[in-house]
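# Descriptive analysis of the structure
Letter by letter, the chains look like this.
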Amino acid sequence: VITRPEMEIGRYHWMYRSSRPHQYHHVPALRGNISPLGIQGCFECCIKCLGGVPYASLVATILCFSGVALFCGCGHVALTGTVSILEQHFSTTVSDHALLSEVIQLMQYVIYGIASFFFLYGIILLAEGFYTTSAVKELHGEFKTTACGRCISGMFVFLTYVLGVAWLGVFGFSAVPVFMFYNIWSTCEVIKSLQTNVTVPGDQICVDIRQYGIIPWTAVPGRACGPVLENICNTNEFYMSYHLFIVACAGAGATVIALIHFLMILSSNWAYLKDASKMQAYQDIKAKEEQELQDIQSRSKEQLNSYT
């Protein structure tokens, strides 16, 4: 026989269990080569690793390394050939081109520094791309973005912008020797075309390097005319320097494109991190509210048990 107190206790327990909300736990389905114990296969591991690679940053890094390598390597050799051409054909006195030689030597040392700096900077930006990609991929996991990480991303955006503007100037400056060598080469082509026309002597066609301001007006001879100029264009130093300056200019342009690419990537990554921080704040508030709700339910249960 069930007594009345026992019936009351059973009724309260039934009411408490029926008032609790249902909790559903998501059970992931087994896919691919995942074993019942949850161990992933090699294919799933490879896909997961490839999914975390920042391909945009990787392409920008390769383009940046290639552009800087072309600019620094070809520019260094082309400057050496330019000094050799000036000393042999346009400025036979050492004192006339001494300042130019020092400037070119200083530029070659600057090229060494540029190559070293961008090698390290490209690796840092690639690492930052991996970091940001991981932050976005693990947005709903245990990964936490910090204010320091967001400040570092913003600093990289500003620094990349400054470097991009600077490299625009470098790209414009690298086009100057290409323009000079092109003028000399086109003049030599005119001299070659006039060899069949005896009415116009080729000796009257000259190129004066002094008008470009790279050597003083007192430099001797300072200019080359006719067959002498044609022989200069046929030398290996002129041919190599001309084409190396073209490649160096192309490398500077590729570096500008890579920095613009980096700037777009860093800006989008910084926006992703900012959204991730807001999402984390929302999840923290939601977890706090759920914990408070559980505490209220626990206290209600304790009060109900004490009443019964």
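Residues numbered from 1 in each chain as written. Predicted model: local features only at pLDDT ≥ 70, side-chain atom pairs only at ≥ 80, totals over all residues. Heavy atoms only, no water.

### Quick look at the overall build of the protein
Within the protein, the regular secondary structure consists of seven helices and two strands. Going from the N terminus to the C terminus, the protein shows its helices and strands as α-α-α-α-α-β-β-α-α. In the protein, which comprises 308 residues, the proportion classed as buried is 31%. In the protein, 80% of the contacts between residues at least 6 apart in sequence involve partners at least 24 apart. Summed over its atoms, the accessible surface of the protein is roughly 19,800 Å², and 67% of this surface lies on carbon and sulfur atoms. (Helix = DSSP H or I, 4+ residues; strand = E, 2+ residues; numbered from the N terminus. Buried < 20%, exposed > 50% of the residue type's maximum accessible area, 1.4 Å probe, protein only. Contact = heavy atoms within 4.5 Å. Areas by Shrake-Rupley, 256 points an atom, 1.4 Å probe, with all protein chains shown as cover.)

### Considerations on the packing of aromatic side chains
A complete count under the given rule lists 14 aromatic pairs for this structure. Taking the centre distance of 6.0 Å and the plane angle of 35° together, the rings of Tyr182 and Trp185 count as tilted. Of this pair, Tyr182 and Trp185 both sit in helix 5 (residues 147-193), three residues apart, which is roughly one turn of the helix. Judged by its relative accessible area of 35%, Trp185 falls in the partly exposed class. For the ring pair Trp185 and Tyr242, a centre distance of 6.4 Å and an interplane angle of 25° mean the geometry is stacked. Pair noted here: Trp185 is in helix 5 and Tyr242 is in helix 7 (residues 236-307), with a separation of 57 residues, a long-range link. Through a chain of ring-to-ring contacts, three or more aromatic side chains come together here, namely Phe71, Phe117, Phe118, Tyr121, Phe156 and Trp167. (Phe/Tyr/Trp six-rings, centres within 6.5 Å; stacked < 30°, edge-to-face > 60°.)

### Topic: helix 6 (residues 226-233)
For an α-helix, the turn length of 3.6 residues means that residues three or four places apart are oriented alike. Listed in full, the buried residues belonging to helix 6 are Gly226, Leu229, Glu230, Ile232 and Cys233. The arc enclosing the buried residues of helix 6, seen along the axis, measures out at 155°, which places them on a common side. (Arc of directions from axis to C-beta.)

### Observations concerning the state of the cysteines
Inspection of every chain in the model, using the stated rule, returns two disulfides. Disulfide partner of Cys188: Cys233, at an S-S distance of 1.8 Å. Around the S-S axis, the bridge from Cys188 to Cys233 shows a dihedral of about 60° and counts as right-handed. With Cys188 in helix 5 and Cys233 in helix 6, the pair connects residues that are 45 residues apart, well separated along the chain. Comparing Cys188 with Cys233, the two get one shared label, buried. (Disulfide = S-S within 2.5 Å.)

Everything listed is a geometric property; what it means functionally is a separate question.
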